[in-house]
Protein chains: 2
Amino acid sequence: MLHIMFENSDQSKTDLSELGEFGLIDHLTKSFNITPEFTLKGIGDDAAVLDFKEEKVIVTTDLLVEGVHFDLSYMPLKHLGYKAVMVNLSDVYAMNATPRQITVSIAVSNRFPVEALEELYAGIKLASKLYKVDVVGGDTSSSTSGLIISVTALGGAKEEEVVYRSGAKTNDLLVVTGDLGAAYMGLQVLEREKQVFKVNPKNQPDLDPYTYLIERQLKPEARKDIPPLFKALEVKPTSMIDISDGLSSEVIHLCKNSKTGVNLFEEKIPLDPAVISVCEEFQLDSTTIALSGGEDYELLFTIDQGDYDKIKGNPNFTVIGHMTEEAEGMHLVTRANQKIPLIARGWNAMDKKEDKK
Amino acid sequence: MLHIMFENSDQSKTDLSELGEFGLIDHLTKSFNITPEFTLKGIGDDAAVLDFKEEKVIVTTDLLVEGVHFDLSYMPLKHLGYKAVMVNLSDVYAMNATPRQITVSIAVSNRFPVEALEELYAGIKLASKLYKVDVVGGDTSSSTSGLIISVTALGGAKEEEVVYRSGAKTNDLLVVTGDLGAAYMGLQVLEREKQVFKVNPKNQPDLDPYTYLIERQLKPEARKDIPPLFKALEVKPTSMIDISDGLSSEVIHLCKNSKTGVNLFEEKIPLDPAVISVCEEFQLDSTTIALSGGEDYELLFTIDQGDYDKIKGNPNFTVIGHMTEEAEGMHLVTRANQKIPLIARGWNAMDKKEDKK
């Protein structure tokens, strides 16, 4: 994967117009199968017809815009397709639900040949296969500039299994899956190499030390293992959210929706060694990166203290704090044991994706 | 409505960046209510949670791109928001289903002030109120150019009530609601006035003779009355599709999906007198316009001949032909009683929206 970065592809190119009316989306979606148990009708009618049995329907949507959410100079289209699906599935898992279907709409300018869109759809197809979701609809339009991908994901969950952002209680433990900050640092590495490439296109950088970071940025995986793990451990989180915008802002969402405060312990935040070393290289503070970096697609949740024994020692989980009375406020407790107010770092509304979910 | 066209608005303008992170979508959606019977959780969590009871779930999505599907020089933003919802609801009605929820994502460039997006959302809100659908999610992003709106609609229908494109049988009657071609001719009028306006901005055109046409273009209504009417008349269509791309291509979709041929009678195609007169003015053939114009958002369906008495004389319906054996082919029978092969007119794939539905 890393070797194709910054190379100019010279594959054969088919102009979009050659496929004619209705040809493009048929061509791109002809190989998509459906799961008859949950999808009665997929692509090919005015709308899809889905069967959720006894389950409630979970729905979420996300839009990815070229030049805002991705840069095609280092994001291969196949990865982009894969990631566009992951971003949405992550939201479904964050409800403790199982994704079943997605719809995918794209707006694309004529500068993309058919082969480029085939790559994009190859990534979408791979994601849908690995995560067992059916592609049941979509729309393909031209755009005056760039590429825009809009994905909607549908999932199912029994009503009593759904976990909202709003159920955390005082003294609940705050827990996170995986580790944080790697996707953001992967982006920093890619941005740096892009600048180097501009100056010296013949330079072939050694990106091996950054493999984990770059993969977290270019090919994130949604945590499909976590909802079944909760079931196996007989734990139901009291609240949950996925980490798309950075730990800090997600913790604040849980607190505000649950009307609690929080003490988040800096020393507990899980960081991969590669994040720590690349933060040193870039002279960035790794805690700040974990709090504000975003795009980790890990799950952040709270559990009752009585459930602690059920998750203790599980390598998927790290307890990073506990909820407090709302009046106590939201704080980061630093390694020096200072309490500093937690703020939603991040970017201006229009520089970074505004995710209402 | 017609009086605001081509005027420069000088309303107060708030830069998008003033609302800050998370401010924009909160601001735009704060007044949206939900229907607790069908929507357990709307905007404000990782995903919405919906209840379809005993019904199957119908889902469809459409993307509207500035410069491709709409021109803001004559499309007021409120109408655009309304139309973006209608386009999707029409697909739900075409399955003989009831729409319940929508999600709305927009990508927007900085040239739009907050007030412009408020107008857009006012149209979305009006549509959701009149058509009784909840806005349950969405995403707001910046775009490098222009405005893109992605709407996904969800609806419910009992499994035995769903009508697909594929159920038409030989000898079934082909029926259409309303009249055809008006939206397309409304667009022609608006395009002409735009050119006039460019030359002489002080010209205030008299658009009254074109009111119906322009309203069909700028403020189409999806046929929410039709599924309950079928129920009242105790008719279940054998196949159905909505007319978004023009009668001709929709008839072909029904035939291909149902493996039938068709005889479509030119003299039966319902045209509003305003369409006939404006086609004369533009020196266009009104049959061609009805066949290829698109954006009518009427419903096209087939019924068993035995059901003819149930719909006979109903002003909503016009029988325009009948289905034949597949081997007989798809034909338009002209007023001169000539049979000419029906072809999917329309535009190049990338000039006009590719609608996979």
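Predicted model only: the values in this text are computed from it and were never measured.

Under the counting rule described, the total for this entry stands at 42 salt bridges over all chains. Of the charged contacts, one joins D71 of chain A and K194 of chain A as a salt bridge, the two residues approaching to 2.5 Å between their closest N and O atoms. Taken together, the residues D71 of chain A in the loop between β3 (56-65) and α2 (77-93) and K194 of chain A in helix α4 (residues 182-199) connect sequence positions 123 residues apart. Two residues, K83 of chain B and E295 of chain B, come together in a salt bridge whose shortest N-O distance is 3.0 Å. A residue pair is termed long-range when its members are at least 10 positions apart, and K83 of chain B in helix α2 (residues 77-93) and E295 of chain B in the loop between α9 (286-292) and β10 (299-303) qualify at 212 residues. There is no split in this pair, since K83 of chain B and E295 of chain B are both buried. One salt-bridge network, held together by shared partners, links D51 and K53 of chain A together with K56 and E159 of chain B.

Attention shifts here to the packing of aromatic side chains. All told, the structure shown has 10 aromatic pairs over all chains when counted by the stated rule. Taking the centre distance of 4.9 Å and the plane angle of 80 degrees together, the rings of F230 of chain B and F301 of chain B count as edge-to-face. Remark: F301 of chain B occurs in strand β10 and F230 of chain B occurs in helix α6 (residues 226-233); sequence separation between them is 71 residues. Residue classification places F301 of chain B among the buried residues on the basis of a relative accessible area of 0%. Aromatic ring contacts, followed pair by pair, group F230, F301 and F317 of chain A into a single cluster. Over the aromatic face of Y82 of chain A sits the side chain of K219 of chain A, whose NZ or CZ is 4.3 Å from the ring centroid.

Residue and element names in this part refer to chain A. One ladder, built from 5 bridges, connects strand β7 (residues 173-177) with strand β11 (residues 317-325); its direction is antiparallel. Looking at β11, one finds that V175 is bridged to V319. Of the pairings in the sheet, the one linking strand β9 (residues 260-265) to β11 comprises 5 bridges and is antiparallel in character. In the sheet register, L264 faces β11, and the bridge partner there is G321.

With that settled, the discussion passes to the UniProt feature "binding site: Mg(2+) 3" (unreviewed entry) in chain A. Sites flagged by UniProt as "binding site: Mg(2+) 3" (unreviewed entry) map to D46, D91 and D242 of chain A. These annotated residues cover 197 residues of sequence, and their C-alpha atoms sit far apart, with the largest distance between any two at 32.4 Å. Summarising the element assignment, D46 of chain A is placed in the loop between β1 (39-41) and β2 (48-50). Of note is the side chain of D46 of chain A, whose polar atom sits 3.3 Å from the side chain of R165 of chain B. When you line up the elements, D91 of chain A lands in helix α2. Note on D91 of chain A: relative accessible area 0%, which makes it buried.

This part covers the relation of the copies chain A and chain B. Relative to chain B, chain A is turned by 180 degrees and slid 0.0 Å along the rotation axis, the superposed coordinates differing by an RMSD of 0.0 Å. Taken together, the turn and the small shift mark the pair as related by a two-fold rotation axis. A symmetric contact is evident, with 100% of the interface residues of chain A recurring at the interface of chain B.

Further remarks concern the interface of chain A and chain B. Many structure descriptions define interface size as the accessible area lost when the parts assemble. Listed by partner, the interface residues are 78 residues for chain A and 79 residues for chain B. Buried area between chain A and chain B, both sides added, is near 6,500 Å², and the carbon and sulfur share of it is 55%. Here chain A and chain B share 6 salt bridges between them. A salt bridge links R165 of chain B to D46 of chain A, with the nearest nitrogen and oxygen atoms 3.3 Å apart. In this structure, the connection of chain A to chain B is made through 18 residue pairs in polar contact (both at pLDDT 80 or more).

Here we take up the pairing of strand β6 (residues 147-157) of chain A. Residues and elements named next belong to chain A. Of all 11 residues making up β6, 11 are buried, and the element is well covered by its neighbours. The two faces of β6 match: L147, I149, V151, A153, G155 and A157 on one face and I148, S150, T152, L154 and G156 on the other face are all buried. Where β3 lies against β6, 10 bridges are found, and the strand directions are antiparallel. Along β6, the bridge assignment pairs T61 with T152. Note that strand β4 (residues 98-108) and β6 share 10 bridges and pair antiparallel. The residue bridging I102 from the neighbouring strand is A153, located in β6.

Right, let's talk about helix α7 (residues 247-258) of chain A for a bit. For the α-helix, the turn length of 3.6 residues means that residues three or four positions removed from each other point alike. Over its 12 residues, α7 of chain A extends 16 Å from the first C-alpha to the last, a length consistent with the 16 Å expected when each residue adds 1.5 Å. Trailing α7 of chain A by a residue or two, K259 of chain A shows a phi angle of about 55 degrees, which is positive.

Conventions used here
- Residues numbered from 1 in each chain as written.
- Chains lettered and ligands numbered in written order.
- Predicted model: local features only at pLDDT ≥ 70, side-chain atom pairs only at ≥ 80, totals over all residues.
- Heavy atoms only, no water.
- Salt bridge = Lys/Arg side-chain N within 4 Å of Asp/Glu carboxyl O.
- Helix = DSSP H or I, 4+ residues; strand = E, 2+ residues; numbered from the N terminus.
- Buried < 20%, exposed > 50% of the residue type's maximum accessible area, 1.4 Å probe, protein only.
- Phe/Tyr/Trp six-rings, centres within 6.5 Å; stacked < 30°, edge-to-face > 60°.
- Lys NZ or Arg CZ within 6 Å of the ring centre and 35° of its normal.
- Pairing = 2+ DSSP bridges.
- UniProt positions renumbered as here; feature names shortened; annotations may be inferred.
- Polar contact = N/O pair within 3.5 Å; in protein donor to acceptor, adjacent residues only side chain to side chain.
- Least-squares fit on C-alpha atoms with pLDDT ≥ 70 in both.
- Contact = heavy atoms within 4.5 Å.
- Buried area = accessible area lost by both parts, 1.4 Å probe.
- Expected span 1.5 Å × (residues − 1).

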